[in-house]
Number of protein chains: 2
Amino acid sequence: MTASKKTAGLAGVIAGQTALCKVGGEGAGLSYRGYDIYDLCDYAGFEEVAFLLMVGHLPNRSELDGYITKLKSLRGLPDAVKQVLEIVPANAHPMDVLRSGVSILGNLEPEEDFANQQSVADRLLACLPSMLLYWHRFHADGKRIDVETDDDSVSGHFLHMLHGKPPAELHRKSLDTTLILYAEHEFNASTFTARIIAGTLSDFHSAVCGAIGALRGPLHGGANEAAMELIQKFSSPEEAIKGVIGMLERKEKIMGFGHRVYTTSDPRNSVNKKMAGVLADEAGDTHLYANSEAIEKVMWDEKKIFANADFFAATVYHFMGIPTYLFTPIFVCSRITGWSAHIMEQRADNKLIRPAADYIGPGLQTYVRIEDRR
Amino acid sequence: MTASKKTAGLAGVIAGQTALCKVGGEGAGLSYRGYDIYDLCDYAGFEEVAFLLMVGHLPNRSELDGYITKLKSLRGLPDAVKQVLEIVPANAHPMDVLRSGVSILGNLEPEEDFANQQSVADRLLACLPSMLLYWHRFHADGKRIDVETDDDSVSGHFLHMLHGKPPAELHRKSLDTTLILYAEHEFNASTFTARIIAGTLSDFHSAVCGAIGALRGPLHGGANEAAMELIQKFSSPEEAIKGVIGMLERKEKIMGFGHRVYTTSDPRNSVNKKMAGVLADEAGDTHLYANSEAIEKVMWDEKKIFANADFFAATVYHFMGIPTYLFTPIFVCSRITGWSAHIMEQRADNKLIRPAADYIGPGLQTYVRIEDRR
């Protein structure tokens, strides 16, 4: 086994230090700046977690109130961004829409100086849902919606714009909890992308555009959409079990299972699964939750592979009426907090991230001029 | 020294295999698919090198003619892209313009299937100069230029759009040579960014947007612009020497020098330096080339740090009338070939790139509810 084979995909290779997140270890096995993810899900709101990740401590009441007020004031979109969102076709990939929206915003409201990084992060956190749902509603309903709602939370803002009315608290709180669960996860591919871009001392918007592009892939953020498509394919748990066993036999990839870092379970799964059950009951679901449970069980029985954070998040979103193609963009609206904190951490002790490659191409060739080539 | 300190910035860590480029080694010390960079500069054109990198062999005459014809047919911009380029402000960073142009194009002409990857690569190679110069001329001169010129080469197309007339062959050939030199360079930060994004199985445009964002940073592609600003600061070589010594004493960073991989010289420098001399003579230059030589010498004498590819590329571009803020975007118009070849290589034997992190944050904290926080 060559050195490069061993480090393929940099699996297990330590690429730097972070104080933001510990994956594996004491407690639930996932903590943000030392706080167990289960405590944060039980007691905190998403804005509190965003503050914790970026500022470094849990906010007191006055800090949190100030932060919520600030985020509410940053939801509006410049006319130029709205124009671009209207130009982007209705059938575009929503992740491409967010990538483009952030890129255009970087032209209109450039960071200019790293001293402005927290403002850029807050602006993106506040207006990513505005971009997504302005585009979605414009093309789905022909409506130019008002993106400056007075909901206190990102989750309330999101669902209000999506459905055109303030959400039920059960739905808002459930979305909020998934935003907490998705907020941060160490050196995952999109976060590492953001850090590499930040490491050249490029600007904040460039780093976030790159991260969105990475998260778009089905091996990363795209998994929750693929999970939903799978769950919906079957009309009963029995059919789901049969179908998944068939897929395993044909060596097809089943999305929403397994993880590069976790080995026996994903601590986020139990929270999502519980919420999915509650929302399924409320929605009068006849088979989707049961399908999910059946698929989870057969994957464990057959392959000892566990459901990850994406698997039950899919049904959570589905039962609150979110179209499947908006699932991965929700991940962006959450992970912008982790990306931002990592960009700031990278900049605080920067070194260009530039690995080496193992050359496996041909040795030195004699150049043959074009007239002598076959 | 901890494991993470040793691997900070992944310096020297092998992150994968490539058959595209060898940095260091026999010959000039830089080869593309086994061909010495000096042979390619002497005998090949940029389109030939693009074909070599992406398709895998040097084209014969009929392949090259076909490829040139194809690229010429792909220069046009959709109206929606032109609209966006007009919306982007005149004072935007040109790298943000290219990042946004590629992102929008990804909405309008999505890759859809990896089977289309070569077409997407060719399209971007052909139309990146169109995007850049449509935006530049619209805002600089108020002109909506025709981006579909009949120049055979990317270099001719670029200079024709910039200056509104076909370029002199000396200028076209000089630009062409810098495009060859910049085309590919193993696992540099922008290429590695593209590979990470491709590694999640995301789309081609996402990978290129991320790469542009990484190249934008002054520790990567931005160096040629910083070099030009330095060279122009001084009115004579004597002043330049004094100025640079002062900067070194104040421990200021001098751009365009040194390299993560090369240790004693950058093989691309001698080619650029020679061209810069020829173009300086032609332009009747009084001091800029002499300033460059003086800065190169003092950096070696004082610090044993050598000029890299960016340093004399700056004066090459300057003497053909290219505004400094378009230097890094030219790098994009060239490196799109290397990025594209790496995206294809990553996909051909894909594994998610996801390193680990060394956690240095606090241990598990007791959660204090907000009403009990200070």
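Keep in mind that what you see is a predicted model, and the values were worked out from it rather than measured. (Residues numbered from 1 in each chain as written. Chains lettered and ligands numbered in written order. Predicted model: local features only at pLDDT ≥ 70, side-chain atom pairs only at ≥ 80, totals over all residues. Heavy atoms only, no water.)

Student: Sorry if this is basic, but what is going on with the overall build of chain A here?
Tutor: Within chain A, the regular secondary structure consists of 17 helices and 5 strands. Its C-alpha radius of gyration of 22 Å places chain A within 12% of the 21 Å reference for a compact globule of 374 residues. Viewed in the frame of its principal axes, chain A has a C-alpha envelope of about 70 × 55 × 50 Å. The buried share among the 374 residues of chain A stands at 64%. Looking at chain A alone, contacts between residues at least 24 apart form 76% of all its contacts between residues at least 6 apart. (Helix = DSSP H or I, 4+ residues; strand = E, 2+ residues; numbered from the N terminus. Rg over C-alpha atoms; globule rule 2.2 N^0.38 Å. Buried < 20%, exposed > 50% of the residue type's maximum accessible area, 1.4 Å probe, protein only. Contact = heavy atoms within 4.5 Å.)

Student: Can you help me understand helix 4 (residues 61-73) of chain A in this one?
Tutor: One full turn of an α-helix is made of 3.6 residues, so residues set three or four places apart face in the same direction. All names here are of chain A. For helix 4, which comprises 13 residues, the first-to-last C-alpha distance of 18 Å matches the rise-based estimate of 18 Å (1.5 Å per residue) to within 8%. Residues Leu64, Tyr67, Ile68 and Leu71 constitute the buried set of helix 4. Along the axis of helix 4, the buried positions cluster into a sector of 100°, meaning they face one direction only. In helix 4, the exposed positions that point more than 90 degrees away from the buried face belong to Ser62, Thr69 and Ser73. (Expected span 1.5 Å × (residues − 1). Arc of directions from axis to C-beta.)

Student: Help me out: how do you make sense of the relation of the copies chain B and chain A in this one?
Tutor: To go from the first copy of the chain to the second, apply a rotation about an axis and then a shift along the same axis. The transform that puts chain B on chain A rotates by 180° and translates by 0.0 Å along the axis, for an RMSD of 0.0 Å. Given the turn and translation reported, the copies of this chain are related as if by a two-fold rotation axis. No C-alpha of chain B approaches the rotation axis more nearly than that of Gly210 of chain B, which lies at 1.9 Å. Mapped onto chain A, 99% of the interface residues of chain B are again interface residues, and the two copies thus contact each other with one and the same surface. (Least-squares fit on C-alpha atoms with pLDDT ≥ 70 in both.)

Student: Would you explain the sheet that holds strand 2 (residues 21-23) of chain B in this entry?
Tutor: Strands belonging to one sheet form pairs held by backbone hydrogen bonds; the direction of such a pair is parallel or antiparallel. One open sheet holds the 3 strands; their spatial order is 2-3-4 (chain B), and the pairing between them is antiparallel. Both outer strands of the open sheet, strand 2 and strand 4 (35-36) of chain B, are each paired with one neighbouring strand and no more. (Pairing = 2+ DSSP bridges.)

Student: Could you clarify how one ought to interpret the packing of helix 5 (residues 79-87) of chain B against helix 7 (residues 117-141) of chain B in this entry?
Tutor: Helix packing for two helices is described by the angle between their axes and how far apart those axes are. Residues and elements named next belong to chain B. Packing of helix 5 against helix 7 brings their axes to within 9 Å, and their N-to-C directions diverge by 45°. When the interaxial angle is binned, helix 5 and helix 7 end up oblique. Crossing of helix 5 over helix 7 shows right-handed handedness. Residues Val81, Lys82, Leu85 and Glu86 of helix 5 lie in contact with helix 7, whose contacting residues are Met131, Tyr134, Trp135, Phe138 and His139. The residue makeup of the contact of helix 5 with helix 7, split by class, is 6 nonpolar, 1 polar and 2 charged. (Axes fitted to C-alpha atoms, helices over the stretch in contact; angles between N-to-C directions. Parallel < 35°, antiparallel > 145°, perpendicular 65-115°, else oblique. Left-handed = near helix turned anticlockwise from the far one by under 90°. Nonpolar A, V, L, I, M, F, W, Y, C, P; charged D, E, K, R; others polar.)

Student: How should I be thinking about the interface of chain B and chain A in this particular structure?
Tutor: Note: interface size is frequently given as the accessible area lost on complex formation between the parts. Taken together, the 105 residues of chain B in the interface contact 104 residues of chain A. Overall, the association of chain B and chain A removes approximately 8,900 Å² of surface from exposure, summing both partners, and the carbon and sulfur fraction of that is 61%. Viewed at the interface, chain A and chain B are joined by 8 salt bridges. Where chain B packs against chain A, one counts 47 residue pairs in polar contact (both at pLDDT 80 or more). Per-element tally for the side of chain B that touches chain A: the top contributor is helix 6 (residues 94-108) of chain B, with 9 residues. Looking at the side of chain B that touches chain A residue by residue, the classes come out as 49 nonpolar, 35 polar and 21 charged. (Buried area = accessible area lost by both parts, 1.4 Å probe. Salt bridge = Lys/Arg side-chain N within 4 Å of Asp/Glu carboxyl O. Polar contact = N/O pair within 3.5 Å; in protein donor to acceptor, adjacent residues only side chain to side chain.)

Student: How should I be thinking about the pattern of salt bridges in this particular structure?
Tutor: A pair can form between side chains of opposite charge whenever their charged atoms are brought close. Under the counting rule described, the total for this entry stands at 42 salt bridges over all chains. As a salt-bridge pair, Asp203 of chain A and Arg99 of chain B come within 3.8 Å of each other at their nearest N and O atoms. Of the two residues, Asp203 of chain A is situated in the loop between helix 10 (189-199) and helix 11 (204-215) and Arg99 of chain B in helix 6; the pairing between them involves two chains. Arg195 of chain B is the partner of Glu345 of chain B in a salt bridge, and the nearest nitrogen-oxygen pair spans 2.7 Å. Here the residue Glu345 of chain B occupies a position in helix 17 (residues 327-348), and Arg195 of chain B occupies one in helix 10 (residues 189-199), the gap between them amounting to 150 residues. Across this residue pair, the class does not change: Glu345 of chain B and Arg195 of chain B are buried. It is possible to trace a salt-bridge network through shared partners that takes in Asp96, Arg99 and Arg216 of chain A together with Asp203 of chain B.

Student: Before we go on, may I ask you to explain the environment of Leu40 of chain A in this structure?
Tutor: Take Leu40 of chain A: it is sitting in helix 2 (residues 37-43). Its relative accessible area of 0% is what places Leu40 of chain A among the buried residues.

Student: Would you explain the side chain of His171 of chain B in this entry?
Tutor: All names here are of chain B. Note that His171 resides in helix 9 (residues 169-182). By relative accessible area, His171 is classed as buried at 16%. Apart from the residues within four sequence positions on either side, His171 is in contact with Leu159, Leu279, Glu282, Phe319 and Met320.

Student: Looking at this structure, how should I read the sheet that holds strand 4 (residues 35-36) of chain A?
Tutor: Residue and element names in this part refer to chain A. What the 3 strands build is an open sheet, ordered 2-3-4; its pairing is antiparallel. Across the chains shown, the open sheet's two edge strands, defined by having one partner strand only, are strand 2 (21-23) and strand 4. As paired elements, strand 2 and strand 3 (residues 30-32) share 3 bridges and run antiparallel to each other. Within strand 3, the residue paired with Lys22 across the bridge is Ser31.

Student: What am I meant to see in the packing of aromatic side chains here?
Tutor: For any pair of aromatic rings, geometry is given as the distance between the ring centres together with the angle between the planes. Counted under the stated rule, the structure contains 20 aromatic pairs over all chains. Each ring, one from Tyr182 of chain A and one from Phe331 of chain A, has its centre 4.1 Å from the other, and the planes form 25°; the classification is stacked. Within this pair, whereas Tyr182 of chain A is found in helix 9 (residues 169-182), its partner Phe331 of chain A is found in helix 17 (residues 327-348), the two being separated by 149 residues in sequence. Ring centres of Phe257 of chain B and Phe311 of chain B lie 4.7 Å apart, and the angle between their planes is 50°; this geometry places the pair in the tilted category. Residue Phe257 of chain B is found in the loop between helix 13 (237-249) and helix 14 (267-283), and its partner Phe311 of chain B is found in helix 16 (residues 309-319); the two are separated by 54 residues along the sequence. A relative accessible area of 0% means that Phe311 of chain B is categorised as buried. In this structure an aromatic cluster arises from ring pairing among Phe257, Tyr289, Phe311 and Phe312 of chain A. Against the face of Phe114 of chain A rests Arg347 of chain A, its NZ or CZ located 3.6 Å from the ring centre. (Phe/Tyr/Trp six-rings, centres within 6.5 Å; stacked < 30°, edge-to-face > 60°. Lys NZ or Arg CZ within 6 Å of the ring centre and 35° of its normal.)

Student: Could you clarify how one ought to interpret the environment of Lys274 of chain A in this entry?
Tutor: All names here are of chain A. Along the chain, the position of Lys274 falls in helix 14 (residues 267-283). Classification of Lys274 as exposed rests on a relative accessible area of 65%. As a C-alpha pair, Lys274 and Pro110 span 164 residues in sequence and 42 Å in three-dimensional space.

Student: How do you make sense of unusual backbone geometry when you look at a structure like this?
Tutor: Negative phi values dominate among residues other than glycine, just as trans dominates among peptide bonds. At Lys304 of chain A, a residue that is not glycine, the phi angle is positive and equals roughly 55°. Topologically, Lys304 of chain A is positioned in the loop between helix 15 (288-303) and helix 16 (309-319). We note that Glu112 of chain B has phi near 65°; this positive angle belongs to a residue other than glycine. Following the sequence through the fold, Glu112 of chain B ends up in the loop between helix 6 and helix 7.

These figures capture arrangement, not role.
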